[in-house]
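Report on the structure
This is what each chain is made of:
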Amino acid sequence: MANATTFADLNLPEDLLSAVTDLGYTTPTAIQEQAIPLLLEGRDVLGVAQTGTGKTAAFALPMLAHVDANNRHVQALVLAPTRELALQGADAIETFAAQTGGLDVVAVYGGSAYGPQLGALRDGAQVVVGTPGRVMDMIDRGALDLSTIRYFVLDEADEMLRMGFAEDVEKIASDLPAERISALFSATMPKQIRFVAEKHLNNPAEVQVSSPSSTVDTITQTYAVVPSRHKVGALARVLATTEADAALVFVRTRATAEDLAIELTTRGVQAAALSGDVAQKDREKLVDRLRHGSIDVLVATDVAARGLDVERIGLVVNFDIPREVETYVHRIGRTGRAGREGTALSFVTPKEKQRLRRIEKVTHTRMKEVELPTPAEVSGLRARKLLASAVERHAVGRLHVYDEIIAEFIAAQEDAQSDGMELLTLADLVASLLALGVRDPGPQSSDEPDKLTVGFSGDDDSRDRRGRRDDRSRRDDRGRRSDRRDHGGFDEPGTTYRVEVGRRDGVAPGAIVGAMTNEGGLRGSQLGKIDIFPSFSLVHVSDKLDSATMGRIAKARVSGRTLDITVDSGPRGGHRSFDDSDEAGLRKYRADRKFGEERSSRRQSQPDRRGSFKKQHRKGGWKSDRRSFHDAY
C-alpha cells in the first residue's frame, strides 16, 4: 500500500508549509490533496465539496503562494454567501499566512461599519474576503479596484445563488481581469452552477471528493415521529436529557426561530435565535457565547448557520425536517466535525414519512427511530443529579445551620400526629424535597401525555385510525358532516372549544392563542387547529380544561370582546352554514395556524415576552434545575 500523501508532498512554499505544520496538520484532506496541486500550477478548479471538508485550505494555500506580499494592491478576492463564512475564511487565511511577512487580509461584509473595512483596504490589503453585496458597495465607492486581482474564488456558490446574489456575482466576475486563476466550490452542482463555471472559469479541472449528499460516519442519525402540536414539548424533553454540551436547532423561517427561542426560554432552556436578520455584531456575540458555554442552544435558519463551526455542538435537531436532501446534509454537518462524534435528531410529523425515506435513500443512511423521554424520565434524571449534588454539598460541611429548622419540623410533625393528621415519613420528606428541587408541582390539568411520539400515517400502528377513516369515507355527505361536527371539525384527540369572537371582530389566531396562554395558563403546544368564523371561533385543545381555567379564559378580552369560552356542541340551531366567504376564510386561517405565523401573531400581542427572553439570557446552561417541571414538558 502506498504511503499517505502529506502536505510536504504538495510543493507548497516553505513559509506556508511551516505554518500548516505548526497548526498540527500533516495529512491533507481529499479535497486539499486534489485541488492544491492544480491551483499551484495555475489551473482553474471546479470543486464539489461540503462545508467541513477542508476546502478553505484547498484554495487558500495555493492562493497565498500566488500572492506577492510586497505588492500592496488587492491580488485575491474570495466571495462567500454569509458574513460568518466571510469572517471564518478571512481568519483561516490569516492563520495560514502567519509566517508570510507583510501580507494582510481584510473581511468585508454587511451589517458592520464601513470605516474599518475602508481603512483596511486603503492600507493595502492583498486579500479580500467578502459577501457579494458589500464587495459591490466597496467597488462603487472606489475603495476596491478589481483590475489588480489575479486569484478569484467563489465559495459555497450554490448557496450564493440561492440567496439571490446571482446578479452581483455575475457583475463582479465579469469585471475581473481575464488573466487570473479561478476556483469555484459548491456543495451541489445544479445547472446554474455549471453555467457560471462555463462562463467564468477557463477549462477548469473538476474535483469531486464525495457524493453531494453523503453524510459522515461520526454522526448518529435518529428521528422521532411527533405531531406538530407536541414538537415544542418534545424538544424541551430532549434538551433536558441530552448529554451534548450544546445543541443547534434548525427551523425553516426567521419568525419560527425567534418564537421557538422565546418558547424554550419560558420553559427554562437558555436558548437564542440566529437568523439572517441578526446584526453581525450580535451574531458574533451569540456564536461566541455558544462557543464559551454561556448559552447552550441556538435556534437557527439554514442561511444563518452556514459555516458555523463550534466544537461544543454535539446535537443537531431538525425541528422542521428540510425539503431538500442537501439541506439535511448541511444541517447535520454542524456536528460530528473533524472526527468528533455527534447526534442528529429529526422531528417528523406523521405525514412526512416519504420525505424521511427520500433522505435515507439519497444519503445511503438508515436512521434509527427513537422514543422521547417521558416526564418521569426527565424528572428522574434531574433528581439523580440533585442527589449527587447533595452528596457533594454534604462533603463541604456547615450543615448545622439547618439543625434547628429540622428540629422544628419534627416537632410540628409530632403535633400533627397527635391531632390525628398523617405523619410525613422520612421517605415522604425526601421525595417531596426532590420534587421541589426539580420544580415538579405534581399533576396539572395542562400536562402533556407521557408519550409524544406516534406512528406514521398509514403504518400498521395507525391501522385503527385508518379503519375509522375508511368507515367515514363510506358515509354519505350528511354523515360526514355529522361526524365532523361531533369532533369539532378536528381529527386529532382532544376537545374543541367555542369562543365568542370571530372574523367580524378582526381577530387573528395569534390573538386567541395569546389570550388562552396568558390568561388561562395554557402552553402553546396544547393548542391545535383554530377555525375562525364570522361571529365565533373554534379552538382545539389537546386536553379538557377544568372549570377554573375556562373561567379565567372567559374573562380575557380579544378585539374588545370577552372570549366566553364553552365546549363546542356542534352547530347552533342544528345547522351551520358555510358560504363562499366563510370557506375562503376557513382556508386562510387554517394556513395561519402554522407554528411560525401563529407564534408571530402571538408575539405581536405579547410585547413583554421578548423583554423576558432577553433577561433570561444569563449563564447557567440549559440543564439548570431552576426551570419548572411543568414548563420543561
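Taking an unreviewed UniProt entry as the reference, the protein is identified by name as RNA helicase belonging to Arcanobacterium phocae. A UniProt comment under Sequence similarities (unreviewed entry) is attached to the protein, and it reads "Belongs to the DEAD box helicase family." Taken directly from UniProt, the Catalytic activity (unreviewed entry) text for the protein runs: "ATP + H2O = ADP + phosphate + H(+)".

Considering the sheet that holds strand β3 (residues 105-108)
With parallel pairing, seven strands are arranged side by side in an open sheet as β3-β4-β2-β5-β6-β1-β7. Bordering the open sheet on either side are β3 and β7 (205-208), each of which pairs with just one other strand. Strand after strand, the sheet turns through a mean of 15° between neighbouring axes, direction not considered. When strand β2 (residues 76-79) meets strand β4 (residues 127-130), the two strands line up parallel, connected through four bridges. From the neighbouring strand, Leu-77 faces β4, where its bridge partner is Val-128. Packed on one face of the sheet, helix α3 (residues 55-66) meets β2, β4, β5 (151-154) and β6 (181-186) and runs near 170° to β5. Across the sheet, helix α5 (residues 114-122) lies against β3 and β4, angled at about 145° from β3, the strand it touches most.

Notes on the packing of helix α2 (residues 30-40) against α3
Following both chains from N to C, one finds α2 and α3 inclined at 20°, their axes separated by 8 Å at the closest point. As the angle between them shows, α2 and α3 are arranged roughly parallel. Pair α2 / α3 crosses with right-handed handedness. Contact residues: α2 offers Ile-31, Gln-32, Ala-35, Ile-36, Leu-39 and Leu-40, while α3 offers Lys-55, Ala-57, Ala-58, Phe-59, Leu-61, Pro-62, Ala-65 and His-66. Residue composition of the contact of α2 with α3, grouped by class: 11 nonpolar, two polar and one charged.

Concerning the confidence of the model for the protein
Here the protein averages 78 in pLDDT, and 80% of its residues register 70 or above. When the elements of the protein are averaged for pLDDT, helix α24 (residues 608-615) gives the smallest value, 33, and β2 the largest, 97. Below a pLDDT of 50 lies the segment residues 572-633, which in the model reaches 159 contacts outside its immediate sequence neighbourhood of four places, other chains included.

Some details on the pairing of strand β10 (residues 271-274)
Taking every second residue as pointing to the same face, both faces of β10 are buried, with Ala-271 and Ala-273 on one and Ala-272 and Leu-274 on the other. Here four bridges tie β10 to strand β11 (residues 297-300), and the two strands are oriented parallel to one another. Of the residues in β11, the one forming a bridge with Ala-273 is Val-299. Handedness of the crossover is the feature at issue here: the chain leaves β10, passes through helix α12 (residues 280-292), returns alongside β11, and the resulting connection is right-handed.

Observations concerning the nonpolar core
Core analysis: the largest hydrophobic core is formed by 45 residues, its most contacted members being Leu-61, Met-63, Ile-93 and Val-127. At seven residues, the largest contribution of residues to this core is made by α3. Ranked by size, the runner-up nonpolar core spans 32 residues in total, among them Leu-118, Met-136, Phe-152 and Leu-154.

Concerning the sheet that holds strand β20 (residues 566-567)
With respect to topology, four strands assemble into an open sheet ordered β16-β17-β15-β20, the strand pairing being antiparallel. Single-partner strands in this sheet number two, and they are β16 (527-532) and β20. Across four bridges, β16 lies against strand β17 (residues 537-541) in antiparallel orientation. Following the sheet pairing, Ile-530 is matched in β17 by Val-539.

Observations regarding the packing of helix α10 (residues 231-241) against helix α15 (residues 375-396)
Contact geometry of α10 with α15 gives a least axis separation of 10 Å together with a crossing angle of 25°. Our classification of the angle between α10 and α15 gives roughly parallel. Of the two possible hands of crossing, α10 and α15 adopt the one that is left-handed. Along the contact surface, α10 presents Arg-237, Ala-240 and Thr-241, while α15 presents Pro-375, Val-378, Leu-381 and Arg-382.

Thresholds, definitions, all that
Residues numbered from 1 in each chain as written. Predicted model: local features only at pLDDT ≥ 70, side-chain atom pairs only at ≥ 80, totals over all residues. Heavy atoms only, no water. UniProt positions renumbered as here; feature names shortened; annotations may be inferred. Pairing = 2+ DSSP bridges. Helix = DSSP H or I, 4+ residues; strand = E, 2+ residues; numbered from the N terminus. Axes fitted to C-alpha atoms, helices over the stretch in contact; angles between N-to-C directions. Contact = heavy atoms within 4.5 Å. Parallel < 35°, antiparallel > 145°, perpendicular 65-115°, else oblique. Left-handed = near helix turned anticlockwise from the far one by under 90°. Nonpolar A, V, L, I, M, F, W, Y, C, P; charged D, E, K, R; others polar. pLDDT = per-residue confidence, 0-100. Buried < 20%, exposed > 50% of the residue type's maximum accessible area, 1.4 Å probe, protein only. Right-handed = clockwise from strand over helix to strand, strands pointing away. Core = buried A, V, L, I, M, F, W, Y, C linked by side-chain atoms within 4.5 Å.

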